[in-house]
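Here are the chains, one letter per residue:
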Amino acid sequence: MLCGSNVNPANPKRLIPAGIAAAGFLSLGSCRDRAVEAEMPPDLPQSRISSLAGRNNLAGLPGMVYPAAEKSPIHWQPWTEDSKKMARDAGRLMLVVIAIPQQPSYAGVLGQLGSDPATVQAINSTYVPVLVDGDAVRELGILTAGLCSEIGSGLQLPLMVWMTPESNPVAWIPLPSDESASAVDLFTQSHGMVGNMWIEDPRYVADNSRMDQKNRSERMMKRVAERELSKQPAQDSLRALRQLTSLYDPVSRTFDEAGGLFPCGAIDLLAMGARMEAVPADLREKSRMTLSCLLDDLLSSAMFDPLDGGVFNARRGSTWSLPGFHRDCTAQARVVISLLDGYEVTGNDLALERALGCLAFMEKTYRTREGLFRIGGGEIGAAENWLWRLEDVQGALSESELAAWIIASGMEAPGNLPSEVDPLRQFFRANSISAAKTDAEVAAELGADPAATREALARAREKLLKVRNSRLSPSPDSQGASASASFRAVSAYASAYRITGKVEFRDLAVSTLAKSRVAFADGPRLKSYESDAPESIVAARAFIYGLAIQAALDVAAVSLDESWNIWAGDLSSTASELFMKDGAPVECPAYADLSRLPIADLAMLFDESSIGLFAMAESRLEALGIPFVPAFAELVAGLPMDSLDSPILHTDLIQAAIMKHHGITCIHSAGATEEMRIAIARSPLKGMNRRSSAREGEVPDPKGALILGPGKEVRQAANAADIRAIFAISPNVSVSNNK
């Protein structure tokens, strides 16, 4: 379906109200801004449209998206001013495909388009084709959600957008993410309408798309200006937390409105609510119980790969029994952090095991030789290549291995996918596999020797991994280390040290952050990848700054090295200069912005939002005496009233409000004992800020610490036990100091 409103293709100037027809163009306004005349060439003979010489110009660009198409016969160009100029000089539209590495179906879609000679000829001879990594060029990734919303559709990627040389959308269409529809057919159907209309009267199309873009910009600014923020965020943040707990149904074991992504945000918020002493006791217990149930459902599900480790980013249906078979570094790191917090609160040993397994998978799969992290890589393939029928494993395993594997993985001869997950029986008799039972449980059920069972399961995993890898293809490998992946890894290492006490994790957090600070520096600014590329592609967006500030604060917290807090403050000052425009937050800095839209990342689509990351950072830095620029703090620090009705979309902002209004600050002196310093360093990263005393005598007991409560009330902590007692930590969790 062509996304946009609708114009009769037989008469492009005839206006049809948006939403009446099934396909068409972005609605063309009746006003005509003559200023656009200067944007278009004075003459557009057909020969100029058909004779433009071009070539594919993606080679060497960073990330995962571009390598998938750098050998394509389509003359793909990067998202740069030069590409816009190429379209302007040739009098062509740009054909922009926006994809994100977190949805790897883009590789197949690009392959479809590039494998059809007629499509290749049509694209190369009619348009300037532009490929965009919507994760790095985050403002366009966010824009896709708005464009789909304009025609009443949920977000679908990849998205193909016809744009004028001034980056104004004319028409758009989601490309199919599976083989149920043909990207070639959808392009062909739309190309005739859009191309003919542009050839007939390009000035008219450019004029009206420009006016539509102006209206779109005004709507975005209005949306920010009209955000209703809580006037009592201390109380409303707790109401939002209570609402989140009510979304879980322990009978059906479902989490309403959780969406398809692994629910890191919900786990993070529930863990925070369960351990912060300023949260009412009944809500702390409700949060802990909800989290415990949610973890029970997740940890034994097919979301965790029992063959080579790691966790899948999302699910395909309404349960966790059928994953979307994709993994990337940022998702692994975020799940590590969430599960470690979940373990701390619930004492669920499986949460710790899964977290450390994901951390090991992340290091094995995504860590570069330089000690940084790539965003992706690994194996890809259709869902059926990840699923198993009973005869598949019978042919690969010995009798003893098979018996143990069936029990451990939850496989069944008829298949184990619930009907609601696969209503059309697309995966008839197929099984998703999970670590449904531990090795010890399998041995007990078989009445076998535990050591022998453990060895049999290890052999089974090794054999089945080889079978599965033979079915899959290598994914396009990401080029160069990624800032988002590396900064996420820093926070994962800091969390791993905090929970386990293993000093090597703390050291890895410090060293990875130090390397990242150098690798992703662009003067005082940041960039998304360590490799060089045009600013419109690699300039760090607001999201990257939020991750970097968070990583710096996390390392400062576990190392008690306050120089990292200073860097976090410097980054916040830079962010305030780059990401405010006309009194509103924006995602892209002006020096890299080609869309000229005030696009802001206000809610959680694929990850935490930029504004949520900034809100949490603002709370933490303010408590440390390093405040945000006031105008910027005012933009990011509010709690939207929408969070009370839709807490899943705003768990980051709810956390920020709870931290700000219910968190505590620990002040320690230089003479604090080593045991005290370790206890402080291993306290929760969010909810307890820590700093050294600013003046002599601020802490009466030089070997102890002061605790400032939410209302600035003061109490003393004499020893490490006093620090640990502050948080409602499960008695099953080890708090020993593992050096």
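Cut-offs used in this document
- Residues numbered from 1 in each chain as written.
- Predicted model: local features only at pLDDT ≥ 70, side-chain atom pairs only at ≥ 80, totals over all residues.
- Heavy atoms only, no water.
- Helix = DSSP H or I, 4+ residues; strand = E, 2+ residues; numbered from the N terminus.
- Buried < 20%, exposed > 50% of the residue type's maximum accessible area, 1.4 Å probe, protein only.
- pLDDT = per-residue confidence, 0-100.
- Contact = heavy atoms within 4.5 Å.
- Expected span 1.5 Å × (residues − 1).
- Arc of directions from axis to C-beta.
- Salt bridge = Lys/Arg side-chain N within 4 Å of Asp/Glu carboxyl O.
- Phe/Tyr/Trp six-rings, centres within 6.5 Å; stacked < 30°, edge-to-face > 60°.
- Lys NZ or Arg CZ within 6 Å of the ring centre and 35° of its normal.
- Pairing = 2+ DSSP bridges.
- Axes fitted to C-alpha atoms, helices over the stretch in contact; angles between N-to-C directions.
- 1 Å grid on protein atoms, 1.4 Å probe; cavity = no way out; pocket = protein on both sides within 12 Å on 5 of 7 lines; lining within 4 Å.
- Points joined across faces, edges and corners; volume = space filled by probe spheres on them.
- Nonpolar A, V, L, I, M, F, W, Y, C, P; charged D, E, K, R; others polar.

1. Side note on unusual backbone geometry
Right, on to step 1. Cis geometry is found at the peptide bond from leucine 157 to proline 158, where omega equals 0°.
Right, on to step 2. Among the secondary structure elements, proline 158 is positioned in the loop between α5 (138–150) and β5 (159–163).
Right, on to step 3. Here the phi dihedral of arginine 425 falls at roughly 55°; this positive angle occurs in a residue that is not glycine.
Right, on to step 4. Relative to the helices and strands, arginine 425 resides in the loop between α15 (399–409) and α16 (439–446).
Right, on to step 5. Classification of arginine 425 as partly exposed rests on a relative accessible area of 36%.

2. Describing the confidence of the model for the protein chain
Right, on to step 1. Put simply, the protein chain has an average pLDDT of 88, and 90% of its residues get 70 or more.
Right, on to step 2. Note on residues 1–53: pLDDT is under 50 here. Beyond four places in sequence and across chains, it has 129 contacts.
Right, on to step 3. Between residues 734–739, whose pLDDT stays under 50, and residues either more than four places distant or in other chains, the model counts 17 contacts.

3. Looking at helix α10 (residues 281–299)
Right, on to step 1. The terminal C-alpha atoms of α10, which comprises 19 residues, lie 27 Å apart, in line with the 27 Å expected from a rise of 1.5 Å per residue.
Right, on to step 2. Taken together, the buried positions of α10 are occupied by Leu283, Ser287, Thr290, Leu291, Leu294, Leu295, Asp297, Leu298 and Leu299. Summarising the axial view, the buried residues of α10 lie within an arc of 170°, below the 170-degree limit, and thus occupy one face.
Right, on to step 3. Each element contacted by the buried residues of α10 is listed here: α8 (233–246), β7 (248–249), β8 (254–255), α9 (264–275), α11 (329–346) and α12 (349–366).

4. Re the pattern of salt bridges
Right, on to step 1. Taken as a whole and assessed by the stated rule, the structure comprises 41 salt bridges.
Right, on to step 2. Linking arginine 715 and glutamate 277 is a salt bridge whose minimum nitrogen-to-oxygen distance equals 2.0 Å. With arginine 715 in strand β20 (residues 714–717) and glutamate 277 in the loop between α9 and α10, the pair connects residues that are 438 residues apart, well separated along the chain.
Right, on to step 3. Look at arginine 715 and you get partly exposed, because its relative accessible area is 37%.
Right, on to step 4. The closest approach of N and O atoms between arginine 354 and glutamate 353, which form a salt bridge, is 3.7 Å.
Right, on to step 5. For arginine 354, a relative accessible area of 10% corresponds to the buried category.
Right, on to step 6. If you follow the salt bridges from partner to partner, you end up with Asp268, Arg334, Arg488, Asp607, Glu608 and Lys686 in one network.

5. Details of the packing of aromatic side chains
Right, on to step 1. One pass over the structure, following the stated rule, counts 16 aromatic pairs.
Right, on to step 2. Measuring from ring centre to ring centre gives 5.9 Å for phenylalanine 361 and tyrosine 366, while their planes differ by 80°; the resulting arrangement is edge-to-face. In terms of burial, phenylalanine 361 and tyrosine 366 fall into one category: buried.
Right, on to step 3. Aromatic side chains phenylalanine 628 and phenylalanine 632 sit 5.6 Å apart centroid to centroid with 5° between the ring planes, which places their arrangement in the stacked category.
Right, on to step 4. By relative accessible area, phenylalanine 632 is classed as buried at 1%.
Right, on to step 5. Each member of the aromatic cluster is reached from another via a ring pair, and the members are Tyr545, Phe579, Phe614, Phe628 and Phe632.
Right, on to step 6. The positively charged end of arginine 525 is found above the aromatic ring belonging to tyrosine 591, 3.8 Å away from the centroid.

6. Digging into the environment of alanine 568
Right, on to step 1. With respect to the helices, strands and loops of the structure, alanine 568 is situated in helix α22 (residues 563–578).
Right, on to step 2. Alanine 568 gets classed as buried once you look at its relative accessible area, which sits at 0%.
Right, on to step 3. Not counting the four nearest positions on each side in its chain, alanine 568 is found in contact with Ile549, Ala552, Leu553 and Leu621.

7. Quick word on the sheet that holds strand β17 (residues 664–668)
Right, on to step 1. With mixed pairing, the four strands of this open sheet are ordered in space as β18-β17-β19-β20. Pairing within the sheet leaves two strands with one partner each, and these edge strands are β18 (688–692) and β20. Strand-to-strand, the axes of this sheet are offset by a mean angle of 25°, without reference to chain direction.
Right, on to step 2. Direction of pairing for β17 relative to strand β19 (residues 705–708): antiparallel, over a ladder of four bridges. Each residue of the ladder has a partner; that of histidine 668, found in β19, is alanine 705.

8. As for the sheet that holds β5
Right, on to step 1. The four strands lie next to each other as β4-β3-β5-β6, forming an open sheet whose pairing is mixed. Looking at the sheet topology across the chains shown, the edges are occupied by β4 (128–133) and β6 (169–174). Neighbouring strand axes in the sheet, compared pairwise and without regard to direction, differ in orientation by 20° on average.
Right, on to step 2. The pairing of strand β3 (residues 94–99) with β4 spans six bridges and is parallel. Across the sheet, valine 96 pairs through a bridge with valine 130, a residue of β4.
Right, on to step 3. Its contacts with the sheet put helix α6 (residues 183–200) on β3, β5 and β6, and the angle it makes with β5 is roughly 15°.

9. Here's the deal with helix α23 (residues 610–623)
Because each turn of an α-helix spans 3.6 residues, side chains separated by three or four positions in sequence point in the same direction.
Right, on to step 1. In a regular helix each residue adds 1.5 Å, so 14 residues correspond to 20 Å; α23 covers 20 Å between its end C-alpha atoms and thus fits that length.
Right, on to step 2. Taking burial as the measure, the 14 residues of α23 include 12 buried ones, the bulk of the element.
Right, on to step 3. If you check which residues of α23 are buried, you get Ser610, Ile611, Gly612, Leu613, Phe614, Ala615, Met616, Ala617, Glu618, Ser619, Arg620 and Leu621.
Right, on to step 4. Remark: glycine 625 follows α23 within two positions and exhibits a positive phi of approximately 80°.

10. Side note on the side chain of glutamate 618
Right, on to step 1. Tracing the sequence through the fold places glutamate 618 in helix α23.
Right, on to step 2. Among the residues examined, glutamate 618 registers a relative accessible area of 6% and is labelled buried.
Right, on to step 3. Those residues in contact with glutamate 618 that lie beyond four places of it in its chain are Phe628, Ala633, Ala637 and Lys660.

11. Brief notes about the pairing of β19
Right, on to step 1. In this sheet, β20 lies alongside β19 in antiparallel orientation, the contact comprising four bridges. Each bridged residue has a counterpart across the sheet, and for isoleucine 707 the counterpart in β20 is arginine 715.
Right, on to step 2. Here β19 hands over to β20 after five residues, with lysine 712 in that stretch at a positive phi of 70°.

12. Focus: empty space enclosed by the protein
Right, on to step 1. In this structure the tally under the stated criterion is 11 cavities of 30 Å³ or more.
Right, on to step 2. Looking at the largest cavity, its volume works out to about 190 Å³.
Right, on to step 3. Of all elements in the fold, only α9, α11, α18 (483–500) and α21 (542–559) reach the threshold of two or more residues within the lining of the largest cavity.
Right, on to step 4. Of the residues contributing to the lining of the largest cavity, the split by class is three nonpolar, five polar and nine charged.
Right, on to step 5. When its volume is computed, the second largest cavity comes out at roughly 100 Å³.
Right, on to step 6. The wall of the second largest cavity is formed by Asp135, Ala136, Arg138, Ser482, Ala483, Ser484, Ser528, Tyr529, Arg541, Phe543 and Ile544.
Right, on to step 7. When contributions to the lining of the second largest cavity are tallied by element, the ones reaching two or more residues are α18 and α21.
Right, on to step 8. Within the lining of the second largest cavity, the residues separate by chemical class into five nonpolar, three polar and three charged.

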